[in-house]
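Each chain, written out:
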Protein chains: 2
Amino acid sequence: MVVTGSIDKVREVIREARKKGKIVGFVPTMGALHEGHLSLIKAARRDSSFVVVSIFVNPVQFGLKEDYRSYPRNFKKDIELVKKEKIDLLFYPPAKAIYPDGFSTYISETCLSRALCGKSRTGHFIGVCTVVAKLFNIIEPDIAYFGQKDYQQARIIKKITKDLNFPTKIKVLPIVRERDGLAMSSRNIYLNSKEREVARCLYSAINLAKKLIKKGERNSRKVISKMEELMKSKKRVEIDYIEIVDADELNDLKRIGGRALIALAVYVGKTRLIDNIIVNVK
Amino acid sequence: MVVTGSIDKVREVIREARKKGKIVGFVPTMGALHEGHLSLIKAARRDSSFVVVSIFVNPVQFGLKEDYRSYPRNFKKDIELVKKEKIDLLFYPPAKAIYPDGFSTYISETCLSRALCGKSRTGHFIGVCTVVAKLFNIIEPDIAYFGQKDYQQARIIKKITKDLNFPTKIKVLPIVRERDGLAMSSRNIYLNSKEREVARCLYSAINLAKKLIKKGERNSRKVISKMEELMKSKKRVEIDYIEIVDADELNDLKRIGGRALIALAVYVGKTRLIDNIIVNVK
């Protein structure tokens, strides 16, 4: 396994792999790796013959009042984890290598980015799109892997990949959950034990929605109300949004039908957690 | 020479060329080819072993009141010209192939784009950056060629190539001029004979500036005044801007020094013409 923070070194190592006819699979991460990330790496290992993981906490995707500084970083543990997964290349650049002084180019997706998290996290997806485009140009992967937990992010990355003609295939893998259903997230370590207990309510709310829809409920407003009710019974929980949208265009659905995404963002204490599920309704 | 409007076909042909170890040189154009374009193609022929030219009048870089519809198009003549230059691949996509319905991703360079033409052509460089990024992702060239006539454009493309880590080298080639000094431009055919005569004043103004600086003038305001004076003596001429900026960052120079860019945009009748020169002052 090659470990480097140098863009030139990455290009060199990948050029050599290409010469040998390798298929390059890429898993971009912000580190603090958990089972969710590992499921992406395992998928890359299955599909491709040269697996690249990047660890980069991308300052540009954090808002001014968000947790860029305190975002969990644990390189020592991360490097052990990726070693076990037998990846080929770990790219771990310093911020200055990715955003040198005078950096001035940004990528905006202007439709899907307005929905859901885009409303409360201004500029977040500009940061995501910009760094992903940069990483794609550095690594030139055949396939790149993203988690469904950040459904909107994955959807937007698929869109910019298509719109900008990146020659990379995007694969989105299922949410990996803790035993009690909480979606795995690097941010879960922010939670104290009481908050951790309460945090199960995101998954409970999703399951409640699923049940209601299975029973025949098609009115989004009613489903969302029930989910809100469940949340509001919990202490330390503040809803950012609960929405039901069509899973492709992320437009609000008044009536649930087709491929629908139920997505929510919730503060538990000071920690913002997200979760989602896709339901297929005839 | 392969001629195609299909992105898939382009990828296929270039993949084959790559397998043979070819170096890919790329000249993006909007067609209505003239000696300026041909000088770029000849440079590509010299440097690389597989030359790609694209012809695409990019709707996104035209303002609402600009000349997208009337922009000169002459595919028959263009194809004869590129045949003579022995290029390998001509990519001639329809607008729908580049901007399918629902297209929603844009690239902005936020510093250099504010200067010069960016002031009068809102959104122009977003259109340029977006289409160039797309073409780079489709063709994946080793080297791409741009003309110095569009100095700001070339400067911005160099910047986004660096910022977004495109693995492409950008080469900028000198302005090619008509006998009387008018910079070659596809838009020159808009000019009627009187306007064509008057249009020489752009080059005259540039030469005047060069002479004044050679004589020791370092005050930008004074140089610009003399250029304006020369312009204002001409009928049918309206100045959009005359500016002296540092050639790297495009910031206004009060005092001329270092690598300075003298750039101007002028309406001759209804036709907007641009020209520029770089002076090196110790």
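Residues numbered from 1 in each chain as written. Chains lettered and ligands numbered in written order. Predicted model: local features only at pLDDT ≥ 70, side-chain atom pairs only at ≥ 80, totals over all residues. Heavy atoms only, no water.

A. Summary view of the nonpolar core. Membership of the largest hydrophobic core comes to 96 residues, with the highest contact counts inside it found for Phe136(A), Ile139(A), Phe136(B) and Ile139(B). Those residues within four positions of Ile139(A) in sequence are excluded, and the remaining contacts are Val10(A), Ile14(A), Val24(A), Phe26(A), Val52(A) and Phe91(A). (Core = buried A, V, L, I, M, F, W, Y, C linked by side-chain atoms within 4.5 Å. Buried < 20%, exposed > 50% of the residue type's maximum accessible area, 1.4 Å probe, protein only. Contact = heavy atoms within 4.5 Å.)

B. Structural detail: helix 1 (residues 7-19) of chain B. Residues and elements named next belong to chain B. With 13 residues, helix 1 ought to run about 18 Å at 1.5 Å a step, and its terminal C-alpha atoms sit 18 Å apart, in line with that. Taken residue by residue, helix 1 has Ile 7, Val 10, Arg 11, Val 13, Ile 14 and Ala 17 as its buried positions. Contacts made by the buried residues of helix 1 are with strand 1 (2-4), strand 2 (24-29), strand 3 (50-55), strand 4 (89-91), helix 4 (95-98) and helix 6 (124-139). Here helix 1 starts with a cap whose side-chain oxygen sits 3.3 Å from the backbone nitrogen of Asp 8, and that cap is Ser 6. Where helix 1 terminates, the next one or two residues include Gly 21, which has phi positive at roughly 80 degrees. (Helix = DSSP H or I, 4+ residues; strand = E, 2+ residues; numbered from the N terminus. Expected span 1.5 Å × (residues − 1). Polar contact = N/O pair within 3.5 Å; in protein donor to acceptor, adjacent residues only side chain to side chain.)

C. The pairing of strand 2 of chain B, seen in detail. All names here are of chain B. Among the six residues that make up strand 2, six are buried, leaving the element largely enclosed by the rest of the structure. Burial along strand 2 is two-sided: Val 24, Phe 26 and Pro 28 facing one way and Gly 25, Val 27 and Thr 29 facing the other are all buried. The pairing of strand 2 with strand 3 spans six bridges and is classified as parallel. Among the inter-strand pairings, Val 27 is bridged to a residue of strand 3, identified as Val 53. Regarding the hand of the β-α-β motif, the stretch spanning strand 2, helix 2 (residues 35-47) and strand 3 is right-handed. (Pairing = 2+ DSSP bridges. Right-handed = clockwise from strand over helix to strand, strands pointing away.)

D. Representation of the domain arrangement of chain A within the structure. All names here are of chain A. Splitting chain A by domain gives domain 1 (2-173) and domain 2 (186-276). When the two sides are added together, the surface that domain 1 and domain 2 hide from each other amounts to roughly 1,700 Å², 51% of it contributed by carbon and sulfur. On the domain 1 side of the contact with domain 2, Leu 116, Lys 149 and Tyr 151 bury the most area, a combined 33% of that side's loss. Run the count over domain 1 and domain 2 and you get two salt bridges. Ionic pairing is found between Glu 243 and Lys 119, a salt bridge with its closest N-O pair at 3.0 Å. Linking domain 1 to domain 2 there are 14 residue pairs in polar contact (both at pLDDT 80 or more). Residue classes in the side of domain 1 that touches domain 2 are distributed as nine nonpolar, seven polar and six charged. (Domains from an automatic or database assignment. Buried area = accessible area lost by both parts, 1.4 Å probe. Salt bridge = Lys/Arg side-chain N within 4 Å of Asp/Glu carboxyl O. Nonpolar A, V, L, I, M, F, W, Y, C, P; charged D, E, K, R; others polar.)

E. Broad picture of the packing of aromatic side chains. Applying the stated criterion to the full structure yields 16 aromatic pairs over all chains. On the numbers, 3.5 Å between centres and 10 degrees between planes, the contact of Phe75(A) with Tyr92(A) is stacked. In this pair, Phe75(A) sits in helix 3 (residues 75-84) while Tyr92(A) sits in the loop between strand 4 (89-91) and helix 4 (95-98), placing the two residues 17 residues apart along the sequence. The exposure class of Phe75(A) is partly exposed, given its relative accessible area of 24%. Exposure remark for Tyr92(A): the relative accessible area of 36% places this residue in the partly exposed category. With 6.5 Å between their ring centres and 70 degrees between their planes, Phe26(B) and Phe136(B) make a pair best called edge-to-face. (Phe/Tyr/Trp six-rings, centres within 6.5 Å; stacked < 30°, edge-to-face > 60°.)

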